[in-house]
Amino acid sequence: MSSLRRVLFLFLDGVGLGSDDPTINPLAAADLPTLRGLIDGKPLTASTGHYSNGRAHLIPTDACLGVPGQPQSATGQATILTGVNAPARLGEHYGPRPDQRVRDILDEASLFARLNQAGLPSYFCNAYPQGYFDRIAQGKRGLSAVPYAATVGGQALLTADEMRAGTALSANFTGEGWRTQLGYTDIPDYTLEEAGANWWKIAQPYRFVFFEHWLTDALGHSRDMDGAVANFQRIDRFVAGLLAAADWEETLLIISSDHGNIEDCSVRLHTENPALTLLYGAQSSRFAPRIYGLDDFAGVIEDFLTAN
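It should be emphasised that the depicted structure is a prediction, and the values quoted were computed from it without experimental measurement.

What counts, and where the lines are drawn
Residues numbered from 1 in each chain as written. Predicted model: local features only at pLDDT ≥ 70, side-chain atom pairs only at ≥ 80, totals over all residues. Heavy atoms only, no water. Salt bridge = Lys/Arg side-chain N within 4 Å of Asp/Glu carboxyl O. Helix = DSSP H or I, 4+ residues; strand = E, 2+ residues; numbered from the N terminus. Buried < 20%, exposed > 50% of the residue type's maximum accessible area, 1.4 Å probe, protein only. Contact = heavy atoms within 4.5 Å. Arc of directions from axis to C-beta. Core = buried A, V, L, I, M, F, W, Y, C linked by side-chain atoms within 4.5 Å. Pairing = 2+ DSSP bridges. 1 Å grid on protein atoms, 1.4 Å probe; cavity = no way out; pocket = protein on both sides within 12 Å on 5 of 7 lines; lining within 4 Å. Points joined across faces, edges and corners; volume = space filled by probe spheres on them. Nonpolar A, V, L, I, M, F, W, Y, C, P; charged D, E, K, R; others polar. Axes fitted to C-alpha atoms, helices over the stretch in contact; angles between N-to-C directions. Parallel < 35°, antiparallel > 145°, perpendicular 65-115°, else oblique. Left-handed = near helix turned anticlockwise from the far one by under 90°.

Caption draft 1: How the structure looks around the pattern of salt bridges. Under the definition given, this model contains ten salt bridges. Across the pair Arg114 and Glu302 runs a salt bridge whose closest N-O atoms are separated by 2.7 Å. One end of the pair, Arg114, is in helix α6 (residues 111-117); the other, Glu302, is in helix α15 (residues 297-306), with 188 residues separating them in the sequence. Residue Glu302 is classed as partly exposed on the basis of its relative accessible area of 22%. Measuring nitrogen to oxygen at the nearest pair gives 2.8 Å for the salt bridge that ties Arg237 to Glu193. With Arg237 in helix α13 (residues 225-245) and Glu193 in helix α11 (residues 192-203), the pair connects residues that are 44 residues apart, well separated along the chain. Residue classification places Arg237 among the partly exposed residues on the basis of a relative accessible area of 38%. Taken together, the shared-partner salt bridges connect Glu92, Asp99 and Arg101 into one network.

Caption draft 2: Representation of the environment of Pro129. Tracing the sequence through the fold places Pro129 in the loop between β4 (122-124) and α7 (130-137). It is 9.6 Å that separates the C-alpha atoms of Pro129 and Met163, two residues lying 34 residues apart in sequence. Residues within four places of Pro129 in sequence aside, it is in contact with Trp178, Leu182 and Tyr184.

Caption draft 3: Region of interest: helix α12 (residues 215-222). Looking at α12, one finds that the buried residues are Thr216, Asp217, Leu219 and Gly220. Mapping the buried residues of α12 onto a view down its axis gives an arc of 165 degrees, with all of them on the same face. On the buried face of α12, the contacting elements are β1 (6-12), α3 (73-80), β5 (208-213) and α13. Where α12 terminates, the next one or two residues include Arg223, which has phi positive at roughly 55 degrees.

Caption draft 4: Broad picture of the nonpolar core. Leu44, Trp199, Phe238 and Leu253 are the most contacted members of the largest nonpolar core, which has 54 residues in total. Among the elements that make up this core, the one with the highest residue count is α13 (nine residues). What Trp199 contacts, discounting residues up to four positions off in sequence, is Leu8, Phe9, Leu10, Cys125, Leu169, Val209, Phe211, Phe238, Leu242 and Leu253. Within the second largest apolar cluster, 47 residues are counted, among which are Ile80, Tyr128, Ala275 and Val300.

Caption draft 5: Fine view of the side chain of Thr34. Locating Thr34 in the fold gives a position in helix α2 (residues 33-38). Ignoring any residue separated from it by four or fewer positions in sequence, one finds Thr34 in contact with Asp236, Val239, Ala240 and Leu243.

Caption draft 6: Region of interest: the pairing of strand β7 (residues 277-281). In terms of burial, β7 is a largely internal element, five of the five residues being buried. The sheet contact formed by strand β3 (residues 56-58) and β7 spans three bridges and is antiparallel. Residue pairing in the sheet places His57 in a bridge with Leu279 of β7. Across five bridges, strand β6 (residues 251-256) lies against β7 in antiparallel orientation. When the bridges of β7 are listed, Leu253 appears paired with Tyr280.

Caption draft 7: Expanded view of the layout of surface pockets. In this structure, the largest pocket spans a volume of roughly 850 Å³. Around the largest pocket, the lining comprises 31 residues; the ones closest to its centre are Tyr128, Arg141, Ala171, Trp214 and Leu215. When contributions to the lining of the largest pocket are tallied by element, the ones reaching two or more residues are α3, α7, α10 (176-180), β5 and α12. Within the lining of the largest pocket, the residues separate by chemical class into twelve nonpolar, eleven polar and eight charged.

Caption draft 8: How the structure looks around the packing of α11 against α13. In the contact formed by α11 and α13, the axes pass within 7 Å of each other and the chain directions differ by 45 degrees. Viewed along their axes, α11 and α13 adopt a mutual orientation that is oblique. Considering how the two elements wind past one another, α11 and α13 form a crossing that is right-handed. When α11 is examined against α13, the residues Leu192, Glu193, Ala195, Gly196, Ala197, Trp199 and Trp200 are found in contact with a partner set consisting of Arg234, Arg237, Phe238, Gly241, Leu242 and Ala245. Among the residues forming the contact of α11 with α13, the class breakdown is eight nonpolar, two polar and three charged.

Quick look at the structure:
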């Protein structure tokens, strides 16, 4: 067991709290014994609203932040990782990837940088295959907000080497796609539960560990209801592995998102629904009442890590 106080942030791109209709909302249709079990079997939908049982908390979280229009990834993620209301500063929601205006906000206030400078080591634990770095070098894509924020904090993005060493995770949890689609046959082969337990192992040297799962947003844009249901059930198993492995006396788990999307598979666009947030673990009852919008996470994380 570890005595270090730490925050684990599971970021699920494009997940809001939507309707109870299981024909359009995979969160209403999926079998989620772990996630729903945290909140006494309540559905992960808008109808549940704010729900707390003293150990876990479902918090509908404002992703619009006072700015009209559909929330977007760059400004939403930058807001989470800085505490700055990026849409309000820009006067619009912007995405999917940061422009110079969003990069300026991340340069100014990246949570990774702030924590590292305060002696609270942070870690972005996603690994990227070589093709990702090649496309960046060729100018074919730019960094999205999360990896950009990590690099502002001084971290080099993780590669197949860290995957082989077991000190990084793939965005699909198990590394299966790396082996079957990308040709990395020598990386570890995890079950979903093992991947969740490995996240806890990876976290040990750090005080803040961020893991990004982007497939939820992609499935929402493609309106792939069956794929979305199956993916949420994979997430549920990953979280089950984490919950069984971790020491929750000093650890706070945040599961949240940047905007709605996948909770309404009847449309391909982002929604204006509140973002899904689940809070679990150490001092969750103390900090849950402080979360209203995406701009509240950074302050909560800093205060949890430094509070007496």
